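Structure assessment
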Amino acid sequence: LSRELELTRGGLKRQEEKRKAEIALIAQELQSTCQEVERENLERLRAEDEQKNAAARQRIQQMEEQLKKAEQEKAKLHDQMEEEAQHYGALTGQEHMYKEASATVFDAIKKRFADDSR
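Residues numbered from 1 in each chain as written. Predicted model: local features only at pLDDT ≥ 70, side-chain atom pairs only at ≥ 80, totals over all residues. Heavy atoms only, no water.

In terms of regular secondary structure, the protein is built from one helix and zero strands. On C-alpha atoms alone, the protein measures out to a radius of gyration of 50 Å, which is more than a quarter above the 13 Å that the 2.2 N^0.38 rule sets for 118 residues. Oriented by its inertia axes, the alpha-carbon framework of the protein measures out at about 170 × 20 × 5 Å. Element-wise, carbon and sulfur atoms account for 55% of the exposed surface of the protein, whose accessible area totals about 11,600 Å². Both charge centroids of the protein, one from 22 positive and one from 26 negative side chains, sit 5 Å from each other. (Helix = DSSP H or I, 4+ residues; strand = E, 2+ residues; numbered from the N terminus. Rg over C-alpha atoms; globule rule 2.2 N^0.38 Å. Areas by Shrake-Rupley, 256 points an atom, 1.4 Å probe, with all protein chains shown as cover. Lys, Arg positive; Asp, Glu negative; His and termini not counted. Charge placed at Lys NZ, Arg CZ, Asp CG, Glu CD.)

Below, the structure written as structure tokens:
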């Protein structure tokens, strides 16, 4: 009986050690799988970030181009406004000269008729 008990204990110990080894192997495989999943997730996240960054860079470039066009349009409008201001100034000067000439002609006519009425 003692011998059988010894054999049973030995068999149970071997089974326990075998199960511990299996558990250790499963733990290693699990750890390896977790590391692989982490690596894949990081790679996926990096790829997503790169796509987002590329899209953001493209949007920034579009906005910079729009800004450049807007600045060009602003400069063009500024030049047009200056031309119109110069034209308006010239018209104002012509109007003033016309009024002065009209007044001079009117004064001359008034004098002439005033001299004739005597």
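Here the narrative resumes, following the displayed structure.
With that settled, the discussion passes to the pattern of salt bridges. Applying the stated criterion across every chain, the model contains three salt bridges. Note that Glu16 and Lys20 form a salt bridge whose closest N and O atoms lie 3.6 Å from each other. In this pair, Glu16 and Lys20 are both assigned in helix H1 (residues 2-116), four residues apart and thus about one turn of the helix distant. (Salt bridge = Lys/Arg side-chain N within 4 Å of Asp/Glu carboxyl O.)

With that settled, the discussion passes to a negative patch on the surface. There is a patch of like negative charges on the surface, built from Asp79, Glu82, Glu83 and Glu84. Here Glu84 shows up in helix H1. (Patch = residues over 30% accessible without salt bridge, like charges linked within 9 Å, V, L, I, M, F, W, Y side chains within 5 Å.)

Below, the discussion takes up the environment of Ala85. Residue position: Ala85 is located in helix H1. What makes Ala85 partly exposed here is its relative accessible area of 47%. As for Ala85 and Lys110, which are separated by 25 residues in sequence, their C-alpha atoms are 37 Å apart. (Buried < 20%, exposed > 50% of the residue type's maximum accessible area, 1.4 Å probe, protein only.)

Okay, a nonpolar patch on the surface next. A cluster of nonpolar residues, Val105, Ile109 and Phe113, forms a patch on the protein surface that exposes about 300 Å² of accessible area. Relative to the helices and strands, Val105 resides in helix H1. Owing to a relative accessible area of 49%, Val105 belongs among the partly exposed residues under this scheme.

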